[in-house]
Amino acid sequence: MSYTFREQITSMEQFEQLKEQLGPPGKLAANKARPGLDDHSRDYIEKSPFVMIATSDAEGHCDVSPRGDAPGFVQILDDTHLFIPERPGNRRMDSIHNLITNAHIGLIFIIPGLEETFRVNGKACITCDPELLKLSAVGGKLPLMGIGVEIEECYLHCAKAFKRSGLWQANSWLPTEQRPSVARLLAAHISVSFPVSAEEVDEQLQESYTKRLY
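Our subject in this report is the structure included herewith. (Residues numbered from 1 in each chain as written. Predicted model: local features only at pLDDT ≥ 70, side-chain atom pairs only at ≥ 80, totals over all residues. Heavy atoms only, no water.)

1. With respect to the overall build of the protein chain
A tally of helices and strands in the protein chain yields 8 helices and 7 strands. Counting only C-alpha atoms, the protein chain reaches 55 × 55 × 40 Å along its principal axes. Relative to its 214 residues, the protein chain shows a buried fraction of 30%. In the protein chain, the proportion of contacts linking residues at least 24 apart, taken out of those at least 6 apart, comes to 64%. Surface exposure of the protein chain reaches about 14,900 Å², of which carbon and sulfur atoms provide 56%. In the protein chain, which carries 22 positive and 29 negative side-chain charges, the distance between the mean positions of the two groups comes to 4 Å. (Helix = DSSP H or I, 4+ residues; strand = E, 2+ residues; numbered from the N terminus. Buried < 20%, exposed > 50% of the residue type's maximum accessible area, 1.4 Å probe, protein only. Contact = heavy atoms within 4.5 Å. Areas by Shrake-Rupley, 256 points an atom, 1.4 Å probe, with all protein chains shown as cover. Lys, Arg positive; Asp, Glu negative; His and termini not counted. Charge placed at Lys NZ, Arg CZ, Asp CG, Glu CD.)

This is the structure:
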């Protein structure tokens with residue numbers, strides 16, 4: 001069954017009418033974006049162990065990918081430049097492919113327990129700069145490459161999404177037995193191409209998590 005979206009907004013004129021209904025942004029939202037980091041935003045990034053990276057390829061196909069490590073794993077090089085080490089992943093390298101064809105990037109930094117997030121928009125490149133790779137070594141293991149980010153704007157994002165979702169409220173979390181089985185989910189998707197059991201998938205996932213984090 002396919003669904004057809006009705007009453008689509010397809011023109012800027014329609015968009016402007018919606019904006020009129022919503023009203024202008026408040027003074028805080030309208031004036032919060034900055035072209036570079038200050039001491040407060042540096043402090044946020046230095047304490048963040050997790051960032052979501054949004055990219056798209058030259059044709060506009062989008063991707064959002066998580067990156068996480070110990071707080072401060074994203075290197076602040078100066079007020080307008082960041083370095084994100086590329087740790088071992090699933091080797092699809094979607095973000096890397098996209099950034100080679102389209103340099104635009106969006107980041108959302110998250111600190112557990114803090115409902116406000118910090119956003120960065122700008123342009124990025126893939127770099128194998130040995131000095132930056134050395135700064136990102138863990139246990140003597142250096143990443144093969146990383147993402148260099150040139151900041152064009154950055155700002156704090158309000159907490160409404162986190163408040164609505166109750167994301168950091170442990171009493172809102174699903175009990176373990178009610179959570180989706182990622183092994184069964186992944187096995188069902190892979191089995192379209194070749195047969196694999198949930199047990200086999202779980203075994204491979206656990207091996208990857210325990211042996212190939214860095």
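2. As for the sheet that holds strand β4 (residues 81–85)
The 7 strands are arranged β2-β1-β5-β6-β7-β4-β3 in an open sheet whose pairing can be described as antiparallel. Edge positions in the sheet fall to β2 (62–68) and β3 (75–78), since each has one partner strand and no second. On average, adjacent strands in this sheet sit at an angle of 30° to one another, irrespective of strand direction. For strand β1 (residues 50–56) and β2, the ladder comprises 7 bridges, and the chain directions are antiparallel. Note on β2: the bridge partner recorded for M52 is P66. (Pairing = 2+ DSSP bridges. Axes fitted to C-alpha atoms, helices over the stretch in contact; angles between N-to-C directions.)

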